[in-house]
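# What the coordinates show
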Amino acid sequence: MPAADRLVSQLIAALNTVRNAVNLYSVSRMAQAAGIAAIADNDYTLANCRKIIEARDYTTRMLRAQGFEVIPSLGNFVFARPRAMSAAALAAQLRARGILVRHWDKERIGDYLRITIGTMQEMQALEAAIEMIFGRA
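None of these values were measured; they are calculated from a predicted model.

## Some thoughts on the sheet that holds strand E3 (residues 113–116)
- Spatially, the 3 strands line up as an open sheet ordered E1-E2-E3, and their pairing is antiparallel. With one partner strand each, in any of the chains shown, strand E1 (69–71) and E3 form the two edges of the open sheet. Neighbouring strand axes in the sheet, compared pairwise and without regard to direction, differ in orientation by 35 degrees on average.
- Two elements, E1 and strand E2 (residues 77–81), share 3 bridges in a ladder whose sense is antiparallel. Within the sheet, the bridge partner assigned to Ile71 lies in E2 and is Phe79.

This is how it looks when you write it as structure tokens:
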């Protein structure tokens, strides 16, 4: 590869690194307008917050009952460490069943999964999948 091409590739890689570090989750104007409208409707926002809290509490209790270590959370996700198998293996097994969780192969967090809180039905589907994977269903 010519030196100029290598330089261009390196420059593009550097720009992508900066872009992803600064604006990892970009939000379109349409999404911004929807967010502003949702926040303006206080009853709607509070009802959604209650649903997320209920589903998060349910998921935390369920994961702990399944033997997971769950780090306390006030957000729309939980950080959980399975004890019955590695986090990477469980993430792969869940993915094979159509359930996506995040796993990073990093030193301090490689044993954990980041599980986004969805609807109650989605969290119950997660529970059913975990029970099947661990042979408890």
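## Focus on the packing of aromatic side chains
- Here the structure, examined in full by the defined rule, presents 2 aromatic pairs.
- Judged by centre distance (6.2 Å) and plane angle (40 degrees), the ring pair of Phe68 and Phe134 falls under tilted. Of the two residues, Phe68 is situated in the loop between helix H3 (42–65) and E1 and Phe134 in the segment after helix H5 (120–133); the sequence distance between them amounts to 66 residues.
- A centroid spacing of 5.2 Å and a plane angle of 5 degrees characterise the contact between Phe79 and Tyr112, whose relative ring orientation is stacked. Placement of the pair is Phe79 in strand E2 and Tyr112 in the loop between helix H4 (87–96) and E3, with a sequence separation of 33 residues.
- Classification of Phe79 by relative accessible area gives buried; the value is 17%.
- Positioned over the ring face of Phe77 is Arg114, at 3.9 Å from the centre of the ring.

Calculation notes
- Residues numbered from 1 in each chain as written.
- Predicted model: local features only at pLDDT ≥ 70, side-chain atom pairs only at ≥ 80, totals over all residues.
- Heavy atoms only, no water.
- Pairing = 2+ DSSP bridges.
- Helix = DSSP H or I, 4+ residues; strand = E, 2+ residues; numbered from the N terminus.
- Axes fitted to C-alpha atoms, helices over the stretch in contact; angles between N-to-C directions.
- Phe/Tyr/Trp six-rings, centres within 6.5 Å; stacked < 30°, edge-to-face > 60°.
- Buried < 20%, exposed > 50% of the residue type's maximum accessible area, 1.4 Å probe, protein only.
- Lys NZ or Arg CZ within 6 Å of the ring centre and 35° of its normal.

Nothing here speaks to function; it is geometry throughout.
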